[in-house]
Amino acid sequence: MKLVLLGTGCPQVDPLRMGPAILIHAGGRRLLFDCGSGVTQRLVQAGTKGAEIDALFLTHLHSDHVVDFHQLLVSSWHQGRDKPWKVFGPPGTIGFVERSAALWKPELDIRVAHEKRPSVAGLDVEVKEFADGQTLRGGVTVTPVKVNHDPFPEVYGFIVEHEGLRFVHSADTIVWQPLIEAARGADCLLHEVFIKREMRPIDGVRTQEGIDAVASYHTLSTEVGAVAAEADVGMLILNHFVPTRFDRDALVADVRAHWSGPLILGEDLMAYDLATRTLQAGGATVAFAR
Ligand SMILES: [Zn+2]
Ligand SMILES: [Zn+2]
């Protein structure tokens, strides 16, 4: 099982950290998790196209996680996608996909009529809304785990299992015991992080009250190490950095206060192979102890 970080950012615009999206290669399948801003460009950079994705899983419907859905649909069709999309998402996903389709229908009708491509099957979307703990099987096993991102409703992390390997994706959440239980002994935990010291009020942009409110539904840099330690995971990878630019040494120190195991600060286009415990990033290959 191999994990590719396509986007490690958040709503903040940063060319080095696109919106949230993760690609998993497992059992010959390509599974995409979220489709934040820039996902289609990063897929091409990662050597995959939207045309080749077997299934799209959505953690939740916050805009930073789904904003490029229509771009993914159209660009994949342009790449020759000739099979319907399979989208698995939380309650509300059917409505989201229907509203997106309604918004773009007049434009898409003209496109389809004039572009005269060989198939329109790639524009079809089959949506299934999942429930907490409902296992989805198809060569690779994916199990949603409801997390806590209140006041935003219906947010799910995922457990992905294949050939004895277990990957756990936190999605956006506060420190949440059911997620820690799901991650217990996992080969790899990918976790979001909010670095509060880096967030200062800026006149006309953000207030301390707003920063406190957003921090209250994420996991702080001073907390995430304890999550990994309690779950006793084989690898901790951080992503969904808020903000996207930060003092790396200070972040490592925050995490190291509680977690002495292997730690990766994620970057866009990093790839991590769970079986070989090998990381590929920016031309470097790092092999971790097994
Ligand atoms: Zn988010
Ligand atoms: Zn969110």
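Predicted model, so just to flag it, every value in this text is computed and none were measured.

1. Here we look at unusual backbone geometry
Step number 1: For the peptide bond that leads from Asp150 to Pro151, omega is 15 degrees, which places it in the cis range.
Step number 2: With respect to the helices, strands and loops of the structure, Pro151 is situated in the loop between strand S8 (141-146) and strand S9 (156-162).
Step number 3: A cis geometry characterises the amide bond from Val242 onward to Pro243, with omega recorded as -5 degrees.
Step number 4: For Pro243, the position within the fold is in the loop between strand S12 (236-242) and helix H8 (248-256).
Step number 5: The backbone of Asp232 sits at a positive phi, close to 55 degrees, despite the residue not being glycine.
Step number 6: Within the secondary structure layout, Asp232 lies in the loop between helix H7 (224-231) and S12.
Step number 7: You can call Asp232 exposed: its relative accessible area is 55%.
Step number 8: With a phi angle near 55 degrees, Arg277 is a residue other than glycine that sits in the positive phi range.

2. Describing the side chain of Thr93
Step number 1: Tracing the backbone through its elements, the reader meets Thr93 in helix H4 (residues 93-115).
Step number 2: On the basis of relative accessibility, which here comes to 0%, the residue Thr93 falls in the buried class.
Step number 3: Beyond its immediate sequence surroundings of up to four residues, Thr93 is in contact with Leu58, Leu61, Val87, Val127 and Glu129.

3. A word on H7
Step number 1: Within the span of H7, buried status applies to Val224, Gly225, Val227, Ala228 and Ala231. For H7, the angular spread of buried residues about the axis comes to 160 degrees, placing them on one side.
Step number 2: The inward-facing, buried residues of H7 abut helix H5 (177-183), strand S11 (188-194), S12 and H8.
Step number 3: One or two residues past the end of H7 sits Asp232, with phi positive at roughly 55 degrees.

4. Structural notes on the sheet that holds S11
Step number 1: An order of S7-S8-S9-S10-S11-S12-S13 is seen for the 7 strands of this open sheet, with the pairing classed as mixed. Across the chains shown, the open sheet's two edge strands, defined by having one partner strand only, are strand S7 (136-137) and strand S13 (263-265).
Step number 2: Where H7 meets the sheet, it contacts S11 and S12, and its direction lies at approximately 160 degrees from that of S11.

5. Observations concerning the sheet that holds strand S15 (residues 278-281)
The pairing of strands in a sheet happens through backbone hydrogen bonds and is either parallel or antiparallel.
Step number 1: Here we have 9 strands laid out as an open sheet, ordered S6-S5-S4-S3-S2-S1-S14-S15-S16, and mixed in their pairing. In this open sheet, the two edge strands, each paired with only one partner strand, are strand S6 (125-129) and strand S16 (284-287). The sheet shows a mean angle of 20 degrees between the axes of neighbouring strands, direction not considered.
Step number 2: The sheet contact formed by strand S1 (residues 2-7) and strand S2 (residues 21-26) spans 5 bridges and is antiparallel. In the strand pairing of S2, Gly7 is matched with Ala21.
Step number 3: Strand contacts of H4: strand S5 (85-89) and S6, with the helix running at about 155 degrees to S6, the strand carrying the most contacts.

6. Focus: the pattern of salt bridges
Step number 1: A full pass over the atoms with the stated rule returns 16 salt bridges.
Step number 2: Of the charged contacts, one joins Asp254 and Arg197 as a salt bridge, the two residues approaching to 2.4 Å between their closest N and O atoms. Taken together, the positions of Asp254 in helix H8 and Arg197 in the loop between S11 and helix H6 (208-215) put the pair 57 residues apart, joining distant regions of the chain.
Step number 3: We classify Asp254 as buried; its relative accessible area is 12%.
Step number 4: Here Arg197 falls in the partly exposed class, since its relative accessible area comes to 36%.
Step number 5: Of the charged contacts in the structure, one is a salt bridge between Glu267 and Arg248, with a shortest N-O distance of 2.7 Å. Here the residue Glu267 occupies a position in the loop between S13 and strand S14 (271-273), and Arg248 occupies one in helix H8, the gap between them amounting to 19 residues.
Step number 6: A relative accessible area of 23% means that Glu267 is categorised as partly exposed.
Step number 7: Residue classification places Arg248 among the partly exposed residues on the basis of a relative accessible area of 43%.
Step number 8: Through salt bridges with shared partners, one network takes in Glu107, Arg111, Glu115 and Arg117.

7. With respect to the coordination of the zinc ion (ligand 1)
Geometry reference: four tetrahedral donors at a metal, ideal angle 109.5 degrees. Six octahedral donors, ideal angles 90 or 180 degrees.
Step number 1: Protein coordination of the zinc ion (ligand 1) is provided by Asp64 (OD), His65 (NE2), Asp172 (OD) and His240 (NE2), with donor distances spanning 2.1 to 2.4 Å.
Step number 2: Note that the zinc ion (ligand 1) binds 4 donor atoms; their angles at the metal cover 89 to 168 degrees, and the shape is irregular.
Step number 3: In primary sequence terms, the donor set of the zinc ion (ligand 1) follows D-H-x106-D-x67-H.
Step number 4: The distance between the zinc ion (ligand 1) and the zinc ion (ligand 2) comes to 3.3 Å, and Asp172 binds to both of them. With Asp64 in helix H2 (residues 63-66) and Asp172 in the loop between strand S10 (165-169) and H5, this residue pair connects regions lying 108 residues apart in the sequence.
Step number 5: The exposure class of Asp172 is buried, given its relative accessible area of 2%.

Rules used in this analysis
Throughout this description, residue numbers start from 1 for each chain and increase along the sequence as written. Working convention: letters from A go to chains and numbers from 1 go to ligands, in the order in which they are written. In keeping with the model being predicted, local features are shown solely for residues with a pLDDT of at least 70 and side-chain atom pairs are shown and tallied solely at 80 or more, while totals for entire chains, interfaces and linings include all residues. Calculation of side-chain values draws on the structure's entire complement of heavy atoms; hydrogens and water are dropped beforehand. Strands here are runs of E lasting at least two residues and helices are runs of H or I lasting at least four, both read from the DSSP assignment and numbered beginning at the N terminus. Throughout this description, buried means an accessible area under 20% of the type-specific maximum (1.4 Å probe, protein chains only), exposed means over 50%, and partly exposed covers the range between. By definition, residues are in contact when any of their heavy atoms lie within 4.5 Å. Working definition: the arc comes from the directions between the helix axis and the C-beta atoms, pointing outward to the latter. Two strands qualify as a pair provided that DSSP identifies no fewer than 2 bridges between them. In this analysis an axis means a line fitted to C-alpha atoms, helices contributing only their contacting stretch, and an angle means the value between N-to-C directions, from 0 to 180 degrees. Every case where a carboxyl oxygen of Asp or Glu lies within 4 Å of a side-chain nitrogen of Lys or Arg is listed as a salt bridge. The rule for donors is simple: an N, O or S atom within 2.8 Å of the metal counts, and for Na, K and Ca the reach is 3.2 Å. Water is not among the atoms, so a site may look short of donors. Under the classification used here, a metal with four donors is tetrahedral if each angle lies between 85 and 135 degrees, square planar if opposite donors are over 155 degrees apart and the others between 65 and 115, a six-donor metal meeting that same test is octahedral, and anything else is irregular.

Honestly, that's just the spatial picture; any functional story needs more than this.
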